[in-house]
Amino acid sequence: MALCVTDTAQALACRGGKGAANLKLVSIFMTFFTSVIGVTLPVFLARLFHGKPVYDKTILIIKCFAAGVILSTSLVHVLPDAFNALSDCQVSSRHPWKDFPFSGLITLIGVLTALLVDLTATSHMESHGHADHSQNRNKDYTPVTGTCEELETVSKKTGTGDIIEEEELVKLKQRLVSQVLEIGIIFHSVIIGVTMGMSQNQCTIRPLVAALSFHQIFEGMGLGGCIAQAGFCFGTTAYMSFMFSVTTPMGIVLGMIVFSVTGYDDTSPNALILEGLLGSLSSGILIYMALVDLIALDFFHNKLMSGQPFLKKASFLALVLGSTSMSILALWA
């Protein structure tokens, strides 16, 4: 059985309602400001350089950097925190938490859930795309007769239509990836915000404010790169950027409200179990999104990568740099 050994004096010195509330108010403005910068910077650069040769390559490198950030966030920050919460002596001494590694199981469930959502949405998108294409073919079909030159002209036009359809499907896939990625990031951001909002530990909140600010910038760059590449209209782009920017601050406010109404103790066994389960689920979703919908999609299915060794090396370097940057933040939070 695990033994609970704590430094009571240090724990009491770190806990303070007024000081923690002030830090949380600062974190609300800091996370909102840094989130806006992170998510709008790639979108602004994309609109500024749209149509120029460097545009697609720049967006690709930004996405690879952000994929490293998201992967590191899930494996170095979220998953270890969830594991620690479920390994706490107050939890690990109970049944069934001491009998099975639930953090790994829930992470697996998060991965499979993200895969199911991705498969369902992709199948729905492709079925509608093929249906619309078939209707257009049947509607526009007329028996073709004429000289060889006329038939060759019709064949070239039909080939061009197929290329346009393929490009549209790629664009739809990019939009789907952006939307699913935002759902995963928002879910993760709400968990972080609520956890911080309910915490009364100044020693935990203080370094978390700075680390979370950098985290929002890097994660926002990843989402902003996906949004820019997907080519959404201005209204959708603004809405997705706004939702990402306000999610973490709203989570902090929600956590503060929950604590003030219920006096919820963030160190209680039930709070630790909830934090561990939600963190594990969030980690699984982020791992899937980073590996499948960002890294694998860009490195193995992006036409820009083929035949351009320098771009591959630059993209991999950006991936490593993003992973390293986010991993270093684990020294403080």
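Per an unreviewed UniProt entry, the protein chain goes by the name Zinc transporter 6, chloroplastic and belongs to Nicotiana attenuata. As recorded by UniProt, the Subcellular location (unreviewed entry) comment attached to the protein chain reads in full: "Membrane". Per UniProt, the protein chain carries the Sequence similarities (unreviewed entry) text "Belongs to the ZIP transporter (TC 2.A.5) family."

The next point concerns the overall build of the protein chain. Helix and strand counts for the protein chain stand at ten helices and zero strands. In sequence order, the secondary structure elements of the protein chain are arranged as α-α-α-α-α-α-α-α-α-α. A burial count over the protein chain gives 42% of its 333 residues as buried. Long-range pairs, those at least 24 residues apart, make up 87% of the contacts in the protein chain between residues at least 6 apart in sequence.

Interpreting fine coordinate detail is not advised for predicted regions of low pLDDT. Put simply, the protein chain has an average pLDDT of 79, and 81% of its residues get 70 or more. Confidence, expressed as mean pLDDT per element, reaches its minimum in the protein chain at helix α1 (residues 8-14) with 60 and its maximum at helix α10 (residues 309-328) with 90. Across residues 148-152, confidence stays below pLDDT 50; counting only partners more than four residues off in sequence or on other chains, it has three contacts.

Within this numbering scheme, the UniProt entry marks residues 25-48, 60-80, 100-121, 180-199, 205-227, 239-261, 281-302 and 314-332 as carrying the feature "transmembrane region" (unreviewed entry). Here residues 60-80 runs as 100% helix and 0% strand, with 29 Å between its end C-alpha atoms.

The next thing to look at is a nonpolar patch on the surface. Judged by side-chain polarity, Phe-100, Leu-105, Leu-108, Ile-109, Leu-112, Leu-115 and Leu-119 come together as a nonpolar surface patch covering roughly 590 Å² of accessible area. In this fold, Phe-100 is placed in the loop between α4 (89-92) and α5 (102-140). Taking the relative accessible area as the measure of exposure, Phe-100 reaches 41% and is therefore partly exposed.

Here Ser-74 lies in helix α3 (residues 54-87). The contacts of Ser-74, once residues within four sequence positions are left out, are Leu-79, Pro-80, Ser-283, Leu-286 and Ile-287.

Let's shift gears to the pattern of salt bridges. All told, the structure shown has one salt bridge when counted by the stated rule. Here Lys-63 makes a salt bridge to Asp-298, at a shortest N to O gap of 3.4 Å. On the criterion of sequence distance, the pair formed by Lys-63 in helix α3 and Asp-298 in helix α9 (residues 269-301) is long-range, its members being 235 residues apart. Like Lys-63, the residue Asp-298 is buried in the burial classification.

Attention now moves to α10. Compared with the 28 Å implied by 1.5 Å per residue over 20 residues, the 28 Å span of α10 between its first and last C-alpha is a close match. Along α10, the residues classified as buried are Leu-311, Ser-315, Ala-318, Leu-319, Gly-322, Ser-325 and Met-326. The buried residues of α10 occupy an angular sector of 135° when projected down its axis, which confines them to one face. Away from its buried face, by an angle of more than 90 degrees, α10 presents the exposed residues Pro-309, Phe-310, Lys-313 and Leu-317. Contact partners of the buried residues in α10: α3, α7 (202-230) and α9.

Definitions and cut-offs
- Along each chain, numbering runs from 1 in the same order as the chain's sequence is written.
- With pLDDT at 70 or above as the cut-off, local features in this predicted model cover only qualifying residues; side-chain atom pairs require 80 or more to be listed or tallied, and sums for whole chains, interfaces and linings still use all residues.
- Excluding hydrogens and water, the side-chain figures rest on all heavy atoms present in the structure.
- UniProt positions are given in the numbering used here, feature names are shortened, and annotations may be inferred rather than shown by experiment.
- Strands are runs of DSSP state E lasting at least two residues, helices are runs of H or I lasting at least four, and both sets are numbered from the N terminus onward.
- Under the scheme applied here, a residue whose accessible area is under 20% of the maximum for its type counts as buried, over 50% as exposed, and between as partly exposed, the area being computed with a 1.4 Å probe on protein chains only.
- Any pair of residues with heavy atoms lying within 4.5 Å of one another is described as a contacting pair.
- The predictor reports its confidence for every residue as pLDDT, a score running from 0 up to 100.
- By definition, no residue in a patch forms a salt bridge, and every one has over 30% relative accessible area; like charges are joined within 9 Å, nonpolar side chains (Val, Leu, Ile, Met, Phe, Trp, Tyr) within 5 Å.
- Method for areas: the Shrake-Rupley scheme with a 1.4 Å probe, in which residue coverage is limited to the protein chains shown.
- A carboxyl oxygen of Asp or Glu within 4 Å of a side-chain nitrogen of Lys or Arg is what we treat as a salt bridge.
- Expected helix span is computed as 1.5 Å times (number of residues minus one).
- Here the arc refers to the set of directions running from the helix axis out to each C-beta atom.

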